[in-house]
Amino acid sequence: MNKTPIFLLNILLCLLSLVAPRLLPAQTPASPPLRWGADAEGGAPFIFPDRQDPSRMLGFEVDLVAALAAQLQREPVFVQNQWDGLVPGLRIDNYDIIVNGLEITPDREQEINFSTPYYVTFEQLTVRKDTHDLNSLQDCSGRIVGTLKASLAERILQAHPDIEIRSYDGQITAYEDLALGRLDAVLMDHPIALYYGATNPRLKLVGDPIGEMKYGIGLRKEDTALLQEINRALEELTANGTLRTIYQRWNLWTPRLAAFFNDRQPSNVQPEAWQAFLRTNRLERTWQDKLEQYRLKYLPLLLKAAMVTIGLSLSAMILAILFGLLLSLLRLYAMQPFSFLATFYIEAVRGTPLLVQLLFIYYALPQLIGVKLSPVVAAVAGLALNYAAYEAENYRAGILSIPRSQMEAALALGMTRWQALRHVIIPQALRLVIPPVTNDFISLIKDSSVVSVIAMVELTREYQRLAGIDFDYLGLGVVVAVMYFLIGLPFVRLAGWAERKFSLDKRATAPATNP
Amino acid sequence: MSSTNPVVISVTDLHKSFHHNQVLRGVDLQVEARELTVLIGPSGCGKSTFLRCLNCLEVMDQGRITIGGITLERRHKSQALSHDFHAKTRTLRTNVGMVFQSFNLFPHLTTLENVMRPPMVVKGLAAATAKARALDLLGKVGLASHANHYPSQLSGGQQQRAAIARALAMEPQVMLYDEPTSALDPGLVDEVLNVMKQLDQEGMTQIVVTHEMRFARDVADKVVYFEGGNIVESGPPSRIFSSPGDERTRKFLRKYL
């Protein structure tokens, strides 16, 4: 009778253990977040940081993904990635889908799958208000027209050989140059023209829609199940009017879109998001406001990014120092194949750009040997592998500058070659190379900004992002420059101290215990 | 007296050449325990190379070296050095203390660490034991008060005495000196020679390459005259210095005495 409860408990546990494994897989499909890749620097109305609070993302694609994720019962997670690298980033599994004004083109369809189009638009010509003779591409003969690099607009312009094309990385500078008279017109996707051309008091949109382009959600070729789910969800969102509401809120509902979705019902949805954008855009700030924004919004974000830079640089340098020492020893003392390999490695790494090495590690390794490194690991590994080659040469120079007689004295005492290296040669060599190694470390802190190409948000990347919001490259630039300087300073001081402390020539300093 | 002592160093038919320059041409030498042997001869005669061959800082081309019961032998220059040869080399080196012309102390270590560290590394001696022994040896060479100085804070004579203490810390059976006072100011020479004299009185077997003829005459048990890569003659200093048997020895000594 006493045993009964325990007996029951045992049965319960047994049943649980049988049931639990069946419960778990049933739960997991709903739980993984929906990671979506986009470039917040691309700007409005797709995805852009809120001017009031730069850590918050706005845009019609943010709203679209939120609706989509809700439909799929998954949590949306935004992954920042440079626009140029969106497709490679998708292929190495940094995110599950791309939603970032990605035009469906036959070239891209070779590499990835696209959902059914979620937006259809066209190219829009923008000119200065005082220009009256330009209303079509034919009118632009002999004129200078700005556009975005590698866009449909650029391809359309290239079909007109008598138009002089200026290709830009970002829309802001293009429209600014148009306003300043450096360009005669700008041709870009209609949503961009609406948000950056039409909102500029000196510019106006002119002419008929040019060409047609469809934005699709990008997916990996193998994710066919997800593709079907997303297409079904898009269908649902179209049918229940959610998509249309989103586009209307952003003032992006055009007759062409209505025709595409075959949805011509009248509607009373107000373009609130568009109006909010106009309001914050027109907001003129006093310098006190700006200062406040620096202190409250920008500084915390920059400090966070600075911590990434520090962590990245420190871990890369520690690894570079260790690996570099190994390389230099192999090059100097190892048996033939190893010595040659070390030399080859050093020369190969020093002879190629860091940028190429990073892209290789991040994008080519997955194709080559199926190793997919996270951005952090790839960044640290890339910097460490690169700097190890330079450190190896520092150490080699240091080791070679230790007189041969030191090795002889150690050997004569009965040490093995390795013992002599470890206890006599390397400790002296390390002291000698403190200045060049410090130098390299300062370089590494600055070179760490290169890793932004593999989707790492560090100090320089964050600076670009924040400066892009208000076009404030000056103020933030000074802040970031000071930050880099302050990051490097302690290490310079530390190195100076170590150099004095470990100096081999002690004549300048008093002995520890002088009788 | 000397005939009662066992032979500690025995060298037979030692050859060594650098490229085509024959530096040693079949040297034979026997050194008895407790003896102090001085090697003299003109520059480039091979006496330093001979000393360096004894503890394999230069690997002999051909010949046989026995020190303290360990024998290294090589039939011909073309004979590859075996693993066994290298292992024996290390054992032999711990048995042979070497003192260099330029001291070669380890500049990143204090005097004390210079003396205590090698036995810890090579013989696995405990730090406390090594330290006690090192302080003892530094006291013996008159550097007890300089234990915590770095080499760059010592005079040449002090550095060389520290180097002798470092070699002694390995408890060698034999001490080799390669022109130990050549780099010293004349005023500092005696303090180093006195240490060697003291070791001789304690019964250390020593070979010294030097130009200090006074030291050779007063302290050596045997003087060996080297020229042209071989021993010309050897004998007690009284005979070599007063009535050398060979014309070459006579000519050399005339320049120095």
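Residues numbered from 1 in each chain as written. Chains lettered and ligands numbered in written order. Predicted model: local features only at pLDDT ≥ 70, side-chain atom pairs only at ≥ 80, totals over all residues.

(A) A look at the overall build of chain B. For chain B, the count of helices and strands is nine helices and 10 strands. Its C-alpha atoms give chain B a radius of gyration of 18 Å, near enough to 18 Å, the size a compact globule of 257 residues would have. Taking the principal axes of its C-alpha atoms as reference, chain B extends roughly 50 × 45 × 40 Å. For chain B, the proportion of its 257 residues judged to be buried stands at 48%. Within chain B, counting contacts between residues at least 6 apart in sequence, those at least 24 apart form 65% of the total. (Helix = DSSP H or I, 4+ residues; strand = E, 2+ residues; numbered from the N terminus. Rg over C-alpha atoms; globule rule 2.2 N^0.38 Å. Buried ≥ 20, exposed ≤ 12 C-beta atoms within 10 Å, placed from the backbone. Contact = placed C-beta atoms within 7 Å.)

(B) Expanded view of the overall build of chain A. When helices and strands are counted, chain A shows 20 helices and 12 strands. Relative to a compact globule of 515 residues, whose C-alpha radius of gyration would be 24 Å, chain A shows 30 Å and is clearly more extended. Taking the principal axes of its C-alpha atoms as reference, chain A extends roughly 100 × 90 × 50 Å. A total of 515 residues make up chain A; the buried ones form 37% of that total. Here the contacts in chain A between residues at least 6 apart in sequence split such that 72% fall between residues at least 24 apart.

(C) Region of the structure containing the interface of chain B and chain A. With 23 residues of chain B in contact, the opposing surface of chain A contributes 24 residues. Contributing elements (two or more residues each) for the side of chain B that touches chain A: α2 (83-95) and α3 (111-123) of chain B. Element by element, the count of residues in the side of chain B that touches chain A is highest for α3 of chain B, at four residues. Class assignment of the residues belonging to the side of chain B that touches chain A gives a composition of 10 nonpolar, 10 polar and three charged. (Nonpolar A, V, L, I, M, F, W, Y, C, P; charged D, E, K, R; others polar.)

(D) Examining α3 of chain B more closely. With 13 residues, α3 of chain B ought to run about 18 Å at 1.5 Å a step, and its terminal C-alpha atoms sit 19 Å apart, in line with that. All of the buried residues in α3 of chain B are T111, L112, N114, V115, M116, R117, P118, P119 and V122 of chain B. The secondary structure elements touched by the buried residues of α3 of chain B are α17 (417-432) of chain A together with α2, α4 (127-140) and α5 (156-168) of chain B. (Expected span 1.5 Å × (residues − 1).)

(E) How the structure looks around the sheet that holds strand β2 (residues 21-32) of chain B. All names here are of chain B. Spatial strand order, β2-β1-β4-β5: four strands in an open sheet with antiparallel pairing. The sheet terminates laterally at β2 and β5 (70-74), the two strands that pair on one side only. Within the sheet, the average angular offset between the axes of one strand and its neighbour, ignoring direction, is 10°. Pairing geometry for strand β1 (residues 7-18) and strand β4 (residues 62-67), over five bridges, is antiparallel. By the bridge assignment for β4, S10 is matched with T66. On the sheet, helix α1 (residues 47-54) packs against β1, β2 and β4 and is oriented at approximately 65° with respect to β2. α2 contacts β4 and β5 of the sheet and is inclined by roughly 135° relative to β5. (Pairing = 2+ DSSP bridges. Axes fitted to C-alpha atoms, helices over the stretch in contact; angles between N-to-C directions.)

(F) View of the sheet that holds strand β11 (residues 203-215) of chain A. Residues and elements named next belong to chain A. Spatial ordering of the open sheet is given by β9-β8-β10-β7-β11, a layout of five strands whose pairing is mixed. Each having just a single partner strand, β9 (164-168) and β11 make up the two edges of the open sheet. Taking the axes of each pair of neighbouring strands and ignoring which way they run, one obtains an average angle of 25° across the sheet. Inspection of the sheet shows strand β7 (residues 119-128) paired to strand β10 (residues 185-189) by four bridges, in the antiparallel sense. The partner of T126 across the bridge, within β10, is V186. Strands β7, β10 and β11 of the sheet are contacted by helix α7 (residues 190-197), whose axis makes an angle of about 40° with β7.

(G) Seen up close, unusual backbone geometry. Of the consecutive residues A44 of chain A and P45 of chain A, the connecting peptide bond is found in the cis state with omega at -5°. On the secondary structure map, P45 of chain A appears in the loop between β1 (34-38) and β2 (48-49). Positive phi, normally seen in glycine, also occurs at D13 of chain B, with a value near 50°. Its place among the elements puts D13 of chain B in strand β1. Of note, H19 of chain B is a non-glycine position whose phi angle comes to about 55°, a positive value. By secondary structure assignment, the location of H19 of chain B is in the loop between β1 and β2. Classification of H19 of chain B by C-beta neighbours within 10 Å gives exposed; the count is 5.

(H) Quick look at the packing of α3 of chain B against α4 of chain B. Residues and elements named next belong to chain B. At a minimum axis separation of 8 Å, α3 and α4 run at an interaxial angle of 130°. When the interaxial angle is binned, α3 and α4 end up oblique. In this structure, α3 crosses over α4, and the sense of that crossing is right-handed. Of the residues in α4, those in contact with T111, L112, V115, M116, P119 and M120 of α3 are A127, A130, K131, A134, L137 and L138. Partitioned by chemical class, the residues of the contact of α3 with α4 number 10 nonpolar, one polar and one charged. (Parallel < 35°, antiparallel > 145°, perpendicular 65-115°, else oblique. Left-handed = near helix turned anticlockwise from the far one by under 90°.)

(I) Representation of the packing of helix α12 (residues 287-333) of chain A against helix α19 (residues 459-470) of chain A within the structure. All names here are of chain A. Interaxial distance between α12 and α19 falls to 8 Å at its minimum, and their mutual angle equals 155°. Taken as axis vectors, α12 and α19 run roughly antiparallel relative to one another. Residue-level contacts link Y298, L301, L302, A305, A306 and T309 of α12 to L459, E462 and L466 of α19. When its residues are assigned to classes, the contact of α12 with α19 shows seven nonpolar, one polar and one charged.

(J) Representation of the nonpolar core in the model. One finds A165 and L176 of chain B to be the most contacted residues of the largest nonpolar core, which totals 125 residues. W36, A40, F46 and I192 of chain A belong to the second largest nonpolar core, which has 67 residues in total. (Core = buried A, V, L, I, M, F, W, Y, C linked by C-beta atoms within 7 Å.)

(K) Summary view of the pairing of strand β8 (residues 205-209) of chain B. All names here are of chain B. Of all five residues making up β8, five are buried, and the element is well covered by its neighbours. Burial along β8 is two-sided: the residues T205, I207 and V209 and Q206 and V208 are all buried. Looking at chain direction, strand β7 (residues 174-178) and β8 are connected through five bridges and run parallel. By the bridge assignment, D178 is partnered in β8 with V209. In this fold, the crossover linking β7 to β8 by way of helix α6 (residues 189-201) has right-handed handedness. (Right-handed = clockwise from strand over helix to strand, strands pointing away.)

(L) Spatial organisation of helix α14 (residues 354-369) of chain A. All names here are of chain A. The largest bend along α14 measures about 40° and falls at Y363, with the proline P366 one to four residues further on. What α14 keeps buried is the set Q357, L358, I361 and Y362. Packed against the buried residues of α14 are α15 (375-401). (Bend = angle between axes of the 7 residues up to and from the residue.)

(M) Region of interest: the pairing of β1 of chain B. Residue and element names in this part refer to chain B. Of the pairings in the sheet, the one linking β1 to β2 comprises nine bridges and is antiparallel in character. Residue pairing in the sheet places L14 in a bridge with V27 of β2. The loop that links β1 with its antiparallel partner β2 comprises two residues; one of these, H19, has a positive phi angle of about 55°.

(N) Summary view of the confidence of the model for chain B. Residues with a pLDDT of 70 or more make up 98% of chain B, whose mean pLDDT is 92. Across the whole predicted complex the pTM is 0.71, and at the interface the ipTM reaches 0.94. (pLDDT = per-residue confidence, 0-100.)

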